[in-house]
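This is what each chain is made of:
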Amino acid sequence: MNYRTTRQNLGYATAILDGAEWVDSEENIDDLHGYRSVRQGPAPVVLNSASKAEEAEALAARIRDWTFGDDDVSIGVLTRTNARKDEIATQLGELGVAVSTGRRTSRERPMAVMTMHNAKGLEFTHVILLDVSREALPQRYLMKGLAPAEATRRCSASGRCST
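Predicted, not measured: the structure shown is a model, and the values here were computed from it.

Caption draft 1: Seen up close, the overall build of the chain. The helix and strand tally for the chain stands at five helices and eight strands. Ordering the α and β elements of the chain from the N terminus gives β-α-β-β-β-α-β-α-β-β-β-α-α. For the chain, buried positions account for 26% of its 163 residues. Partitioning the intrachain contacts of the chain with sequence separation of at least 6 by distance along the chain shows that 64% fall at a separation of at least 24. Of the roughly 11000 Å² that the chain leaves accessible, carbon and sulfur atoms contribute 50%.

Okay, structure coming up:
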């Protein structure tokens, strides 16, 4: 039972994993049989951008829409790296969006930019994931030094890579 993720997000994420074999933290083959969520929410929206500038402008517009007239909004903009976190925070600041680069949001700064890793345990009313694509994940440096069988297993579970 998943208490944090909405049915819509869970359905989207599990569709990506459909047909892939994956291993849990105890090295057992796992599946999603019976996995469900108790929460409802909007369906995820996937946006593609031709450039980082275009992405930042689309992000700023989306954030303005979400925060307009609503004081009870908290937005997490999640990146894979600290360098990307700093870059997008600067871009959004230049576009007039109040940004927090810490783990907290406020009425004055309803949006926090942080790494996906640092977001663990936090909850937001809205979440934006940046740089999530077949080309970006898994990160190449994580594959270095793995035995060929392990690299193949990790890559086949993600749906890409070659050894």
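That was the structure; now back to the text.
Caption draft 2: Quick look at the sheet that holds strand E6 (residues 99-100). In space, the four strands of this open sheet follow the order E6-E7-E5-E8, with parallel pairing throughout. Of all the strands in the sheet, just E6 and strand E8 (126-129) have a single pairing partner and so form its edges. One ladder, built from four bridges, connects strand E5 (residues 75-79) with E8; its direction is parallel. Following the sheet pairing, Gly76 is matched in E8 by Val127. Across the face of the sheet, helix H2 (residues 52-67) comes into contact with E5, strand E7 (111-115) and E8 while running at roughly 160 degrees to E5.

Caption draft 3: Region of interest: the pattern of salt bridges. Applying the stated criterion to the full structure yields five salt bridges. For Glu55, the salt bridge goes to Arg84, with nearest N and O atoms at 2.1 Å. You can see Glu55 sitting in helix H2 and its partner Arg84 sitting in helix H3 (residues 82-94), a full 29 residues away along the chain. Side by side, Glu55 and Arg84 carry an identical accessibility label, which is buried. With a closest N to O distance of 2.8 Å, Asp131 and Arg84 form a salt bridge. Linking Asp131 in the loop between E8 and helix H4 (140-143) with Arg84 in helix H3, this pair joins segments that are 47 residues apart in sequence.

About the thresholds
Residues numbered from 1 in each chain as written. Predicted model: local features only at pLDDT ≥ 70, side-chain atom pairs only at ≥ 80, totals over all residues. Heavy atoms only, no water. Helix = DSSP H or I, 4+ residues; strand = E, 2+ residues; numbered from the N terminus. Buried < 20%, exposed > 50% of the residue type's maximum accessible area, 1.4 Å probe, protein only. Contact = heavy atoms within 4.5 Å. Areas by Shrake-Rupley, 256 points an atom, 1.4 Å probe, with all protein chains shown as cover. Pairing = 2+ DSSP bridges. Axes fitted to C-alpha atoms, helices over the stretch in contact; angles between N-to-C directions. Salt bridge = Lys/Arg side-chain N within 4 Å of Asp/Glu carboxyl O.

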